[in-house]
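# Survey of secondary and tertiary structure
Here is what each chain is made of, one letter per residue.
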Amino acid sequence: MSRFNTDSIIAVIGAGTMGAGIAQVAASAGHTVLLFDSAAGASQRGIDNTAKGLSRQVSRGKMAQADADALIARITPVSQLTELAPAALIIEAIVERLDVKQQVFGQLEDICADDAVIATNTSSISVTAIGASLKRPQNLVGMHFFNPAPVMKLVEVINGLDTDPQIAKDIYALSASWGKQPVLAKSTPGFIVNRVARPLYAEGLRITQEGGADIATIDALMRECGGFRMGPFELMDLIGHDVNYAVTCSVFDAFYNDPRFTPSLIQKELVDAGHLGRKTGRGFYDYSEGAVKPEAQTAPAYPAPKSIMVEGELGVAEPLLDLFEQAGIHVERTDNDEVEGMITIGDATLMLSNGQFTTMRAGETMRPNLINFDLALDYTRATRIALAPADQASDEALQAAIGLFQAIGKSVSVIDDIPGMVVMRTVCMLANEGFDAVNQQVCDEAAVDIAMKGGVNYPCGPIEWVNNLELSYALDVLDNLMDAYGEDRYRASPLLLRKVAGGA
């Protein structure tokens, strides 16, 4: 039997956007909610802001006025911590400072019942460290919501070293009863989402730092080819570079300077300059009035080829062949399945990126007119594709490749020859970090995919994605990135190595 039901009083400390949102979630589930903030009048302002948000839902016909009124009536502003004494669960959403959290939680232990559960919404501080100063650390658990809390489905339920496992299970069940998608994880730097998500930003920053593609093109490829709602630069501008950079530094420091989490000098420059993104009017993009957002690099139109030759299996790119045929392009296949999958158009050869420089791959395959193309979430729905020609490829070969993809309705972005291109290297690195979290007993594989889809709106769980790609192919990409850069940053997770060796 769970320790919580709708009669359980829920307290929330912190009435900012996150705290008020959590209060709304609990009240929506039928709980009486006590909302406290140390700033005078902040609790009432938080409730008033929630009421305004609900009124918009009512005006759009998404909620009845009576339901909105009842929800707001279940949230009570309080001005003293002592008024939280009746709460069965207290959720903290205050400043990200260990000393402040420990001080507040220590006070709560003296105020609330001995069996009251204290949950921290921290996104980066160790739950174990917070609990170290408490008299009852077994009652402390991480309950990490994502902003905006009423909308985002994920809740990371975090076990500190001393957390009672049953309490974590009860919080998991409570979160599910609130309509959330909870995942269990142990207290480790970044938990699941803020750890696994680092490569989304890091690889975009690395690509632009090396001149592989400009920020608008990278963002467009991640959206229109990778299926992400926002590209990494758009997302960093939205989050705020001070926040995003601080999280990266925190994870980097906590993992004893593991090169996988190395912060970017490009982002540090923005932070140092005060260009923090949308909230300051300038980040990677200019948000000032009248500013024009740069467009992605898009190739001009070229004629479609009349026919192509396909050798080997194209794997996840096989759906392209139906699209080519539907566009009136004759597709001829050979019976040679021993070669890597490739498409030839006269002297031009197209291959799915495998993490190598196209130029090096061209030399190894003795196909000088080689052009790599990028990974897509769904080749039938993608509206843009990236091509990376070998340095020795002719203009005619590149134009034939561009015309082929334009014939099936794709915008084409020609990028510089950079290992793994854009979507391919990012997805493989995300999945690799997910596998490493599993390997280090942070969570299970299902939790990684649930967390990344529910917490940051990824179009597909990264582990699910590379399973569709084939794990052996993802491992080849990582190994080739490692060879190209000679950096431990791209080392494959032991779990991925083991799975590929086992035939997964």
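Structure: see above.
Residues numbered from 1 in each chain as written. Predicted model: local features only at pLDDT ≥ 70, side-chain atom pairs only at ≥ 80, totals over all residues. Heavy atoms only, no water.

### Some remarks on helix 6 (residues 165-177)
Going by this rule: Working definition: helices are DSSP H or I runs of at least four residues, strands are E runs of at least two. Numbering for both runs from the N terminus. Here the expected span of a helix is defined as 1.5 Å times the quantity of residues minus one. Each residue's exposure class comes from its accessible area (1.4 Å probe, protein chains only) as a fraction of the maximum for that residue type: buried when under 20%, exposed when over 50%, partly exposed otherwise. Summarising the geometry, the arc corresponds to the directions from the helix axis toward the C-beta atoms. Whenever a nitrogen or oxygen atom comes within 3.5 Å of another N or O atom, the pair is scored as a polar contact, on the condition that within protein one atom can donate a hydrogen and the other can accept it, and that pairs from neighbouring residues in sequence are kept only if both atoms are in side chains.
Given a rise of 1.5 Å per residue, 13 residues ought to cover 18 Å, and the 19 Å separating the end C-alpha atoms of helix 6 matches this to within 8%. All of the buried residues in helix 6 are Ile167, Ala168, Asp170, Ile171, Leu174 and Ser175. Looking straight down helix 6, one finds that the buried residues subtend no more than 160° of arc, so they occupy a single side. In this structure, helix 6 carries Pro165, Lys169 and Ser177 as exposed residues pointing more than 90 degrees from its buried face. Residue Asp164 occupies the N-cap position of helix 6, its side-chain oxygen lying 2.9 Å from the main-chain nitrogen of Gln166. At the C-terminal side of helix 6, Gly179 shows a positive phi close to 85°.

### Topic: the sheet that holds strand 8 (residues 181-186)
The criterion, for reference: Two strands pair if DSSP finds at least two bridges between them. Interaxial angles span 0 to 180 degrees and are taken between N-to-C directions of axes, which are lines fitted to C-alpha atoms, for helices over the stretch in contact. Contacts are assigned to residue pairs that have any heavy atoms within 4.5 Å of one another.
One open sheet holds the eight strands; their spatial order is 3-2-1-4-5-6-7-8, and the pairing between them is mixed. The sheet is open, and its two borders are formed by strand 3 (75-78) and strand 8, each paired with just one other strand. Going across the sheet, the axis of each strand differs from the next one's by a mean of 25°, ignoring polarity. Most of the contacts of helix 2 (residues 42-59) go to strand 3, to which it runs at about 155°, and overall it touches strand 2 (33-36) and strand 3. On the sheet, helix 17 (residues 445-456) packs against strand 7 (154-159) and strand 8 and is oriented at approximately 125° with respect to strand 8.

### Observations regarding the state of the cysteines
The condition that has to hold: Cysteine sulfur pairs qualify as disulfides if the two atoms are within 2.5 Å.
In this structure the tally under the stated criterion is zero disulfides. The structure places no disulfide on Cys460, whose sulfur is separated from the nearest cysteine sulfur, that of Cys428, by 12 Å. For Cys460, a relative accessible area of 9% gives the class buried.

### Describing the nonpolar core
Operational definition: Throughout, nonpolar core names a set of buried Ala, Val, Leu, Ile, Met, Phe, Trp, Tyr and Cys residues whose side chains join them through atoms within 4.5 Å.
Within the largest apolar cluster, 121 residues are counted, with the highest numbers of intra-cluster contacts made by Leu84, Ile90, Leu108, Phe324, Phe373 and Phe405. The element best represented in this core is helix 16 (residues 423-439), accounting for 10 residues. Ala27, Ile75, Ile91 and Ile171 belong to the second largest nonpolar core, which has 34 residues in total.

### Structural notes on the pairing of strand 15 (residues 411-414)
Rules: Seen with its strands pointing away from the viewer, a crossover is right-handed if its path from the first strand over the helix to the second goes clockwise.
One ladder, built from four bridges, connects strand 14 (residues 384-389) with strand 15; its direction is parallel. From the neighbouring strand, Ile385 faces strand 15, where its bridge partner is Val412. As a crossover connection, the stretch from strand 14 through helix 15 (residues 395-406) into strand 15 is right-handed.

### A few points about the side chain of Asn354
Tracing the backbone shows Asn354 in the loop between strand 12 (348-352) and helix 14 (358-365). On the accessibility criterion, Asn354 (8% relative accessible area) is buried. In terms of polar contacts, Asn354 uses its side chain to reach the side chain of Gln356, at 3.0 Å. Apart from residues lying up to four places away in sequence, Asn354 is in contact with Glu340, Arg361, Tyr473, Asp476, Val477 and Asn480.

### Concerning the side chain of Asn369
Within the secondary structure, Asn369 sits in the loop between helix 14 and strand 13 (370-373). Polar side-chain contacts of Asn369 include one of 2.8 Å to the backbone nitrogen of Ser394. If near-sequence neighbours (up to four positions away) are discounted, Asn369 is found in contact with Asp347, Ala348, Thr349, Gln392, Ala393, Ser394 and Ala397.

### Some points on the packing of helix 16 against helix 18 (residues 462-469)
This is how it is decided: Note on terminology: angles under 35 degrees are roughly parallel, angles over 145 are roughly antiparallel, angles of 65 to 115 are roughly perpendicular, and the others are oblique. Put simply, a crossing is left-handed when the front helix is turned counterclockwise from the back one by less than a right angle, and right-handed when it is turned clockwise.
Here helix 16 crosses helix 18 at 120°, and the two axes come no closer than 8 Å. Classified by the angle their axes make, helix 16 and helix 18 are oblique. Seen from above, helix 16 lies across helix 18 with left-handed handedness. Here Val423, Met424, Val427, Cys428, Leu430, Ala431, Gly434 and Phe435 of helix 16 lie close against helix 18, whose contacting residues are Pro462, Ile463, Trp465, Val466 and Leu469.

### Re the pattern of salt bridges
Threshold: Criterion for a salt bridge: a side-chain nitrogen of Lys or Arg within 4 Å of a carboxyl oxygen of Asp or Glu.
Taken as a whole, this structure holds 30 salt bridges when the rule is applied. Of the charged contacts in the structure, one is a salt bridge between Arg97 and Asp99, with a shortest N-O distance of 2.6 Å. Taking the relative accessible area as the measure of exposure, Arg97 reaches 44% and is therefore partly exposed. The class for Asp99 is partly exposed, based on a relative accessible area of 41%. The partner of Arg491 in a salt bridge is Asp258, with the nearest N and O atoms 2.8 Å apart. Highlighted residues: Arg491 in the loop between helix 19 (471-485) and helix 20 (494-501) and Asp258 in the loop between helix 11 (241-254) and helix 12 (265-273), separated in sequence by 233 residues. A relative accessible area of 26% places Arg491 in the partly exposed class. According to the relative accessible area criterion, Asp258 is buried, its value standing at 11%.

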